[in-house]
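Each chain, letter by letter, is given below.
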Amino acid sequence: MSSRSETLHCLVRAPRDGEALTLALSVLATGDALLLLQDGVHAAFLDDLVLPAGVELCVLMVDVLQRGLDPQRIRGFNPIDEAGFVALAARMQRQVCWA
């Protein structure tokens, strides 16, 4: 049995709207992925966000662009498209949505 968690954590809330980001970061484990989408993409632009090691960090590019944000200012997250989202979800054993 693998020691890797392999859970996809999807954050859909902006960092300023509650504690979803803090809670998600607190439970991430090696082998997990954190995907920022909808208003959660704002977290990819925080300068003071401490990101965990061993976790795949992604942000959905279409949601970045729909919010008028500059993709060149993304900090520590890999931009992905919808096909990348589907591939990421297919690779993971479980999915959790933080809203």
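The structure under discussion appears in the preceding block.
Residues numbered from 1 in each chain as written. Predicted model: local features only at pLDDT ≥ 70, side-chain atom pairs only at ≥ 80, totals over all residues. Heavy atoms only, no water.

Asker: Even after reading the chapter, I still don't get the nonpolar core, so can you show me in this structure?
Answerer: What tends to happen in soluble globular proteins is that the nonpolar side chains get buried as a cluster. Formed by 20 residues in total, the largest nonpolar core has its most connected members in Leu 11, Leu 34, Leu 36, Val 59, Ile 74 and Phe 77. Where this core is concerned, the elements lending two or more residues are α1 (20-27), β2 (33-36), β3 (56-60) and α2 (61-66). When neighbours within four sequence positions are excluded, Val 59 is seen to be in contact with Leu 35, Leu 36, Val 41, Ala 44, Val 64, Ile 74, Phe 77, Asn 78, Pro 79 and Ile 80. (Core = buried A, V, L, I, M, F, W, Y, C linked by side-chain atoms within 4.5 Å. Buried < 20%, exposed > 50% of the residue type's maximum accessible area, 1.4 Å probe, protein only. Helix = DSSP H or I, 4+ residues; strand = E, 2+ residues; numbered from the N terminus. Contact = heavy atoms within 4.5 Å.)

Asker: Can you walk me through the state of the cysteines in this structure?
Answerer: A covalent bond bridging the sulfur atoms of two cysteines is what the word disulfide describes. Inspection of every chain in the model, using the stated rule, returns 0 disulfides. Free of any disulfide, Cys 97 has its nearest neighbouring cysteine sulfur in Cys 10, separated by 6.1 Å. (Disulfide = S-S within 2.5 Å.)

Asker: Help me out: how do you make sense of the side chain of Ser 5 in this one?
Answerer: Inspection of the secondary structure assignment puts Ser 5 in the segment before β1 (7-11). In this structure the side chain of Ser 5 is engaged in a polar contact, spanning 3.2 Å, whose partner is the side chain of Thr 7. For Ser 5, the contacting residues outside a window of four places in its chain are Ala 29, Thr 30, Asp 32, Gln 93 and Arg 94. (Polar contact = N/O pair within 3.5 Å; in protein donor to acceptor, adjacent residues only side chain to side chain.)

Asker: Quick question: what am I supposed to make of the sheet that holds β2 here?
Answerer: Two pairing modes exist for strands in a sheet, parallel and antiparallel, and in both the strands are linked by backbone hydrogen bonds. Pairing is parallel in the open sheet, where 5 strands are placed in the order β4-β3-β2-β1-β5. Since the sheet does not close on itself, it has two edges, and those belong to β4 (78-80) and β5 (94-98), each with one partner. Within this sheet the neighbouring strands show an average axis-to-axis angle of 25°, counted without direction. Together, β1, β2 and β5 form the strand contacts of α1, whose direction differs from that of β5 by roughly 150°. Lying over the sheet, helix α3 (residues 82-91) contacts β1, β2, β3 and β4, oriented at roughly 145° with respect to β3. (Pairing = 2+ DSSP bridges. Axes fitted to C-alpha atoms, helices over the stretch in contact; angles between N-to-C directions.)

Asker: Just checking my understanding: could you explain the environment of Phe 45 for this structure?
Answerer: Here Phe 45 is to be found in the loop between β2 and β3. Each C-alpha atom of the pair Phe 45 and Arg 73 lies 6.2 Å from the other, and the pair is 28 residues apart in sequence. Once residues lying within four places of it in the same chain are set aside, the contact partners of Phe 45 are Val 64, Leu 69, Asp 70, Arg 73, Ile 74 and Arg 75.

Asker: Help me understand the side chain of Asp 63, please; the structure alone is not making it clear to me.
Answerer: Mapping Asp 63 onto the fold places it in helix α2. Classification of Asp 63 by relative accessible area gives buried; the value is 9%. There is a polar contact of 2.6 Å between the side chain of Asp 63 and the backbone nitrogen of Gln 38. Asp 63 has contacts with Leu 37, Gln 38 and Val 41, leaving out every residue within four places of it along the chain.

Bear in mind that shape data such as this cannot, by itself, settle questions of function.
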